[in-house]
Amino acid sequence: MIKIFLKQQKSLLRKHPWIFSGAIKSIDGKPILGESCHVYSADNKLLAIGAYSPKSQIAIRVWTFEDREINKDFFSQRINAAWALRKSIGIDKVSNSFRLINAENDYLPGVVIDKYDDYLVCQFLSAGAEYQKLKILEALLDLNLTENIFERSDTDSRLKEGLKKVKGCLRGNPPPNFVSISENNILLRADIVNGHKTGYYLDQRDNREIIKKYSKGNRVLNCFSYTGGFGIAAASAGASEVINLDSSESALQIAKSSATLNKIPESIFVCQKADVFEKLRFLREKGESFDLIVLDPPKFAESAFQVKKAAKGYKDINRLAFHLLNQGGFLFTFSCSGHIKQDLFEKIVADAALDAGSSAKIISYLNQASDHPVALNFPEGKYLKGLICYKQ
Ligand code: SAH
């Protein structure tokens, strides 16, 4: 195996799985894209085995800190351990759809695998993950969860790794137009071929369950609704009206058909194509008000450079939401930008309330669902944060 020597190894000793290109002293040989290499300290001690990615700033992603072969058995062990975690938290009892492998957080850098009903949807996001694809697939099939495997490696992050975007059927049957997520007594339609991420926001599952407790008899505004997940949950729990806002017409069409699937009357489930920033202003001018507002925008900060601009965006929508919220109402507000940390997010929401002249308090902290674990050696794994605020 090719040897890579480091000049800087502090994070590796804390078992962080990323080695940046600047930490490399020398490479003994010419590894190809994604090939596994032995990683040595400056004083010649074997520290890890990782996949080499010459194009990326993250030059090596560690497969293991032990001296072992990266073969099908290795992937089977990792996948079995991840599946054991999901079973022990009972996720397969709550939903037919969940995240089976959460990349670095399940010690498989760059590998995301979600189960949707009878399909597994994979993303191979790093050079190493791509290089090991066949072994990962073999190990996955051994689990006997399903024979249908679809690939959604059509993300921009692949380009940074020197990989092309790809999507298509890897094994078994091509997916239908929609798969049906059956979760906590509601049904949600997901398009695993063209939908966001691998097809759905599985990471919001626990929060969809929580919102039900706040919905009965309430008028709900679901901003950035995508295919309506929060809206369906709220309506199924007795909301008097749900207005879903999103800029994507196709997502709203799926939201409508999901509502029908759950026998939610059209009269109380409104889907409007709109720019949320403009629509919130418009609703305010019209004097509208709501008992429950959800703000679940897309990632405003893609990089650390965008934090300032993103903060402005978050503040703007939160301020408008506080204006539109009735006294005694609840705001479910989220940020999925990993670069916006918890403290900053709370400060943004606090400033927004202040500017709106609202006195509000946080009554709950929300997170990504537990099938999206955060490895303690990989704090970057935490990205989704949310607050339930009560307007007094
Ligand atoms: N809340 C959703 C996920 C939201 S993802 C769920 O739980 O499933 C973010 C959504 O915001 C996407 O559907 C995208 O189409 C939409 N979006 C992005 N910018 C927007 C804007 N300015 N106005 C309205 N919708 C927007």
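Residues numbered from 1 in each chain as written. Predicted model: local features only at pLDDT ≥ 70, side-chain atom pairs only at ≥ 80, totals over all residues. Heavy atoms only, no water.

### What about the site of the ligand?
Inclusion rule: Proximity is defined per residue: if any heavy atom of the residue lies within 4 Å of a molecule or strand, that residue is considered near it. Any pair of N or O atoms that falls within 3.5 Å is considered a polar contact. Within protein, one atom must be able to donate a hydrogen and the other to accept it, and sequence-neighbouring residues count only if both atoms are side-chain atoms. Here the Shrake-Rupley method, with its probe set to 1.4 Å, supplies the accessible areas, and only the displayed protein chains count as covering residues. Residues are grouped as follows: nonpolar covers Ala, Val, Leu, Ile, Met, Phe, Trp, Tyr, Cys and Pro; charged covers Asp, Glu, Lys and Arg; every other residue, Gly included, is treated as polar.
Neighbouring the ligand are 15 residues, the closest being F224, D246, S247, V276 and D296. Within the backbone of F224, one N or O atom sits 2.9 Å away from a nitrogen atom of the ligand. For the ligand, the protein covers 89% of the area, taking 580 Å² as the surface of the free molecule. In terms of residue class, the shell around the ligand is built from 8 nonpolar, 4 polar and 3 charged.

### Examining the pattern of salt bridges
Condition: By convention in these notes, a salt bridge is any Lys or Arg side-chain nitrogen within 4 Å of a carboxyl oxygen on Asp or Glu. Here a helix means four or more residues in a row that DSSP labels H or I, a strand means two or more in a row labelled E, and each is numbered from the N terminus.
Following the criterion strictly, the structure yields 25 salt bridges and no others. Residues R219 and E288 are paired through a salt bridge, measuring 2.8 Å at the closest nitrogen-oxygen approach. Of this pair, R219 sits in strand β14 (residues 219-223) while E288 sits in the loop between α10 (276-285) and β17 (290-295), and the two are 69 residues apart along the sequence.

### Observations regarding the side chain of R219
To be explicit about the condition: In this description, contact between two residues means that some pair of their heavy atoms is separated by no more than 4.5 Å.
Of the polar contacts made by the side chain of R219, one reaches the side chain of E241; its length is 2.8 Å. In terms of polar contacts, R219 uses its side chain to reach the side chain of E288, at 2.8 Å. Beyond its immediate stretch of four places on either side in the chain, R219 contacts S240, E241, I243, E288, S289, F290, D291 and L292.

### Details of the layout of surface pockets
To be explicit about the condition: The pocket and cavity definitions rest on a 1 Å grid over protein atoms only: a 1.4 Å probe that fits but cannot leave marks a cavity, an open set with protein on both sides within 12 Å along at least five of seven lines marks a pocket, and residues lining either have an atom within 4 Å of a point. Grid points are joined across faces, edges and corners, and a volume is the space filled by probe spheres set on the points. Each domain's extent is set by a domain assignment, obtained either automatically or from a database.
Quantified by volume, the second largest pocket comes out at close to 220 Å³. The element contributing the most residues to the lining of the second largest pocket is strand β6 (residues 58-64), with 3 residues. In terms of residue class, the lining of the second largest pocket is built from 6 nonpolar, 2 polar and 5 charged. Counting contributing residues, the lining of the second largest pocket receives three or more from each of domain 1 (3-64) and domain 2 (72-171).

### Overview of the sheet that holds strand β11 (residues 166-171)
Sheets are built from strands paired through backbone hydrogen bonds, the pairs being either parallel or antiparallel. How we decide: Paired strands are those between which DSSP finds at least two bridges. With axes taken as lines fitted to C-alpha atoms, and helix axes fitted only over the stretch in contact, angles between N-to-C directions fall between 0 and 180 degrees.
Read from one edge of the open sheet, 5 strands run β7-β8-β9-β10-β11, paired in mixed fashion. Because the sheet does not close on itself, it has two edges, and the strands there are β7 (97-102) and β11. Averaged over all neighbouring strand pairs, the angle between strand axes comes to 20 degrees, with direction disregarded. Sheet analysis places strand β9 (residues 119-124) next to strand β10 (residues 149-153), joined by 3 bridges and oriented parallel. Following the sheet pairing, C122 is matched in β10 by E151.

### Focus: α10
Just so we agree on the cut-off: For every residue, the accessible area obtained with a 1.4 Å probe (protein chains only) is divided by the maximum for its type, and the residue is called buried under 20%, exposed over 50%, and partly exposed between those limits. As used here, the arc is the angular range of directions from the helix axis to the C-beta atoms.
Residues of α10 that are buried include every one of V276, K279, L280 and L283, and no others. Buried residues in α10, looked at end-on, bunch into an arc of 100 degrees, giving them a common side. With respect to the buried face of α10, the exposed residues turned more than 90 degrees away are E278 and E285. Two or three places before F277, at the start of α10, stands the capping residue D275, its side-chain oxygen 3.0 Å from that residue's backbone nitrogen. Looking one or two residues past α10, G287 carries a phi angle of roughly 80 degrees, positive in sign.

### Observations regarding the domain arrangement of the protein chain
For clarity, the threshold we go by: Accessible area, probed at 1.4 Å, shrinks when two parts are joined; the buried area is that loss added up over both.
Assigned domains within the protein chain: domain 1 (3-64), domain 2 (72-171) and domain 3 (201-391). Relative to domain 3, the C-alpha centre of domain 2 lies at a distance of 28 Å. With 16 residues of domain 2 in contact, the opposing surface of domain 3 contributes 11 residues. For the pair domain 2 and domain 3, the two sides together bury roughly 1000 Å², of which 61% comes from carbon and sulfur. Counting across the domain 2 and domain 3 interface gives 0 salt bridges. Applying the counting rule to domain 2 against domain 3 returns 5 residue pairs in polar contact (both at pLDDT 80 or more). When contributions to the side of domain 2 that touches domain 3 are tallied by element, the ones reaching two or more residues are α2 (72-88), α3 (91-94), β7 and β8 (111-116).

### Remarks on the pairing of strand β15 (residues 241-246)
Put simply, the rule reads: Seen with its strands pointing away from the viewer, a crossover is right-handed when the path leading from the first strand over the helix to the second is clockwise.
Among the 6 residues that make up β15, 5 are buried, leaving the element largely enclosed by the rest of the structure. In the sheet, β14 pairs with β15 via 5 bridges, with the strands oriented parallel. Following the sheet pairing, V220 is matched in β15 by V242. As paired strands, β15 and strand β16 (residues 269-273) are joined by 5 bridges and run parallel to one another. Within β16, the position partnered with V242 by the bridge is F269. Chirality of the crossover, the property in question, places the unit of β15, helix α9 (residues 249-261) and β16 among those that are right-handed.

### Brief notes about the packing of helix α11 (residues 307-324) against helix α12 (residues 342-356)
Heads up, the condition is: Comment on the angle field: the value is read as roughly parallel under 35 degrees, roughly antiparallel over 145, roughly perpendicular from 65 to 115, and oblique elsewhere. Each crossing gets its handedness from the near helix: less than a right angle anticlockwise from the far helix is left-handed, clockwise is right-handed.
The contact between α11 and α12 brings their axes to 8 Å, and the two run at 45 degrees. One element, α11, and the other, α12, form an angle in the oblique class. The two elements α11 and α12 cross, and the hand of that crossing is right-handed. Here V307, A311, Y314, K315, N318, R319, F322 and H323 of α11 lie close against α12, whose contacting residues are L344, F345, I348, V349, D351, A352, A353, D355 and A356. Its residues assigned to classes, the contact of α11 with α12 comprises 11 nonpolar, 2 polar and 4 charged.

### Quick notes on the nonpolar core
Formally: By nonpolar core is meant a set of buried Ala, Val, Leu, Ile, Met, Phe, Trp, Tyr and Cys residues that side-chain atoms within 4.5 Å join together.
Core analysis: the largest hydrophobic core is formed by 38 residues, its most contacted members being Y116, F269 and F332. Elements represented by at least two residues in this core include exactly β9, β12 (179-183), β13 (186-190), α8 (229-236), α9, β16, β17 and β18 (325-335). The element contributing the most residues to this core is α8, with 5 residues. Setting aside anything within four residues of it in sequence, one finds F269 in contact with G231, I232, A235, V242, N244, A255, A259 and I264. Of all hydrophobic cores here, the second largest spans 33 residues; its members include C223, A274, A311 and F345.

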